[in-house]
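The primary structure of each chain is shown beneath.
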Amino acid sequence: MMKMKLWLLPLLHCLLLIAALRASCPIYLTISLSGKALHDSCLEVNWGPDCAGPPEWIGIYGQDPTISNFQPELRINGITNRTGKLSTPIKLGKLLFPGGWNRLDGNESPATRYPRGKCLPHYVASYNGTELLTVECLKIQPNWMAQIKDGEQMPLKSLFLPGTHASGAFVASYSKTKSLLVKDYLVAQHFDVWSQLVFGIRYLDFSVGYKYMDSDNDADNFWIANENMFIIPLAGVLRDVRHFVERSGELVILDFSSFPIGFYKHPEIYSSLFHLLRQELGEVAYQRNVTLDEHCANRNFRQLLALGIHVVLLFPTQELPYPENESGLLCSPWQRFSTSYMNISQTLDYMRLLFSRKPDGPVQDDGWIFTAVKSMEQTLNTHKLQTAKERAAVINPKVNQWLKGPWGMNANVVAMDYFSNTNIVDLAIEVNAHKAFLLANKNKFINLEILR
């Protein structure tokens, strides 16, 4: 018998994980972007990437198929591709969150904590004959940060944070919105900000415009904007963020990325916006140490949560007058990279450059944001002006798939329009668990006994 120190524990963990993934065929549900309204949107079945052996058939259920012998609402046979996405005729229907997670449920009683997520009544299962292989569901993830074990060493810049671009570009009722411009080109999300957070989004991108409303309350003048148009008032969105973090105990990054309307050469308007942010979020937002010139991305997320900090505000402080520009409430913007004017081939090359994280590459050792979107202008190259949904339907699944390889381990913030046609939240949770494990065990060895 011989004892040998064979390898680092983290590497063995990686090898075992990769072997397990190759031996299985992951399946999951997403929400298509084809419906005119959210409740009309159909479920999509996804499998892969690169299944070693696709299942014989897949079933979609309205209840958990592991607890009883339910018949599937839809059975899909003849799967041969190793990677695939298939739209189904099953509609999402009216969306209600369990456990006190609806926006209007109130704070009178605490919401149920779901650190490992909570299934909605939409399940997908794969089979070989009658043998059940895997089960997944469409789920909410209101408390996923709580499940990251060994996260004590993870600064914000090391987390994979799933995000949305133009996060507030949402309208509650398509039927009441007559403008095709708004419906097809300005709206960028299926869900309001509250629902995005309940599904697990932890980075929000806001463009803010100023529209004088002749109101006694200056907060009424600030609006979410997209494509140089006003969408919805900002104050209500900020309150939703505050109520969510108070109810969930999670951490959310708010990035005020642009100010396209009404701000140019008006520092007093920037100042008014700063006071609105302090009023609505000051009690839950991070206050950096200005004297030490602290980089917010270096702060450990568990330490922030332990201090009762649940919001980090990214804001271009150089636009503010003194003394607001020296406030510790605001963090400097993180590095931003966008695929806005790229086709799919260029996007892949750009991701290869960014996510390889080479020492001489463009991504430095700080917080960084990858925005996976296609602009309206870029689609003109195809001689057809694609809607926001059509653009997201093309780019989102590609980026989601590419991040399931080694690139996902190097991600920080990944933001997209209409995130619901991906499983980016579940992907981020898996990657973060893996990262935390590696960090916690980077100096540990194992002894294996080899019998001769």
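Here's what I pulled together on the structure shown here. Treat the numbers as computed from the prediction; the structure is a model and nothing was measured.

1. Here's the deal with the overall build of the protein chain
Then comes step 1: Scanning the protein chain from terminus to terminus reveals 10 helices and 18 strands.
Then comes step 2: Each of the 452 residues in the protein chain was classed as buried or not, and the buried ones make up 52%.
Then comes step 3: The contacts of the protein chain with a sequence gap of at least 6 include a subset with a gap of at least 24, amounting to 73%.
Then comes step 4: Summed over all atoms, the accessible surface of the protein chain reaches about 21,200 Å², with 53% contributed by carbon and sulfur.

2. Section: the pairing of strand 8 (residues 131-140)
Every regular strand shows the same layout, with side chains that alternate between the two sheet faces.
Then comes step 1: Note: strand 7 (residues 118-128) against strand 8, eight bridges, orientation antiparallel. Counterpart to serine 126 in the pairing with strand 8 is threonine 134.
Then comes step 2: Adjacent in sequence and paired antiparallel, strand 7 and strand 8 are bridged by two residues, among which glycine 129 carries a positive phi angle near 65°.

3. Topic: the packing of aromatic side chains
Then comes step 1: A full pass over the atoms with the stated rule returns 20 aromatic pairs.
Then comes step 2: For the pair tryptophan 101 and phenylalanine 244, a centre-to-centre distance of 6.0 Å together with 50° between the ring planes defines the contact as tilted. Note that tryptophan 101 is positioned in the loop between strand 6 (84-91) and strand 7 and phenylalanine 244 in helix 4 (residues 234-248), a separation of 143 residues in sequence.
Then comes step 3: Assessed through its relative accessible area of 0%, tryptophan 101 is described here as buried.
Then comes step 4: Geometrically, the ring pair formed by phenylalanine 222 and phenylalanine 263 is tilted, given 6.1 Å between the ring centres and 40° between the ring planes.

4. Things to note about the state of the cysteines
Then comes step 1: One pass over the full model with this rule turns up three disulfides.
Then comes step 2: Disulfide partner of cysteine 25: cysteine 51, at an S-S distance of 1.9 Å. Given an S-S torsion of about 70°, the disulfide between cysteine 25 and cysteine 51 has right-handed geometry. A residue pair is termed long-range when its members are at least 10 positions apart, and cysteine 25 in the loop between helix 1 (9-23) and strand 2 (27-31) and cysteine 51 in the loop between strand 3 (42-47) and strand 4 (57-61) qualify at 26 residues. In terms of burial, cysteine 25 and cysteine 51 fall into one category: buried.
Then comes step 3: Each disulfide pairs two cysteine sulfurs, and for cysteine 119 the partner residue is cysteine 137, the sulfurs being separated by 2.0 Å. One quick way to see it: the torsion about the S-S bond of cysteine 119 and cysteine 137 is about -70°, and its sign makes the bridge left-handed. You can see cysteine 119 sitting in strand 7 and its partner cysteine 137 sitting in strand 8, a full 18 residues away along the chain.

5. Focus: empty space enclosed by the protein
Then comes step 1: Evaluation of the coordinates by the stated rule reveals two cavities of 30 Å³ or more.
Then comes step 2: By volume, the largest cavity is sized at about 210 Å³.
Then comes step 3: Lining the largest cavity we find 17 residues, and of these Leu138, Lys139, Phe199, Thr422 and Asn423 sit closest to its centre.
Then comes step 4: Those elements that provide at least two residues to the lining of the largest cavity are strand 2, strand 8 and helix 10 (424-440).
Then comes step 5: It is strand 8 that provides the largest number of residues to the lining of the largest cavity, a total of four residues.

Conventions used here
- Residues numbered from 1 in each chain as written.
- Predicted model: local features only at pLDDT ≥ 70, side-chain atom pairs only at ≥ 80, totals over all residues.
- Heavy atoms only, no water.
- Helix = DSSP H or I, 4+ residues; strand = E, 2+ residues; numbered from the N terminus.
- Buried < 20%, exposed > 50% of the residue type's maximum accessible area, 1.4 Å probe, protein only.
- Contact = heavy atoms within 4.5 Å.
- Areas by Shrake-Rupley, 256 points an atom, 1.4 Å probe, with all protein chains shown as cover.
- Pairing = 2+ DSSP bridges.
- Phe/Tyr/Trp six-rings, centres within 6.5 Å; stacked < 30°, edge-to-face > 60°.
- Disulfide = S-S within 2.5 Å.
- 1 Å grid on protein atoms, 1.4 Å probe; cavity = no way out; pocket = protein on both sides within 12 Å on 5 of 7 lines; lining within 4 Å.
- Points joined across faces, edges and corners; volume = space filled by probe spheres on them.

It is worth stressing that arrangement in space is one thing and function is another; only the former is reported here.
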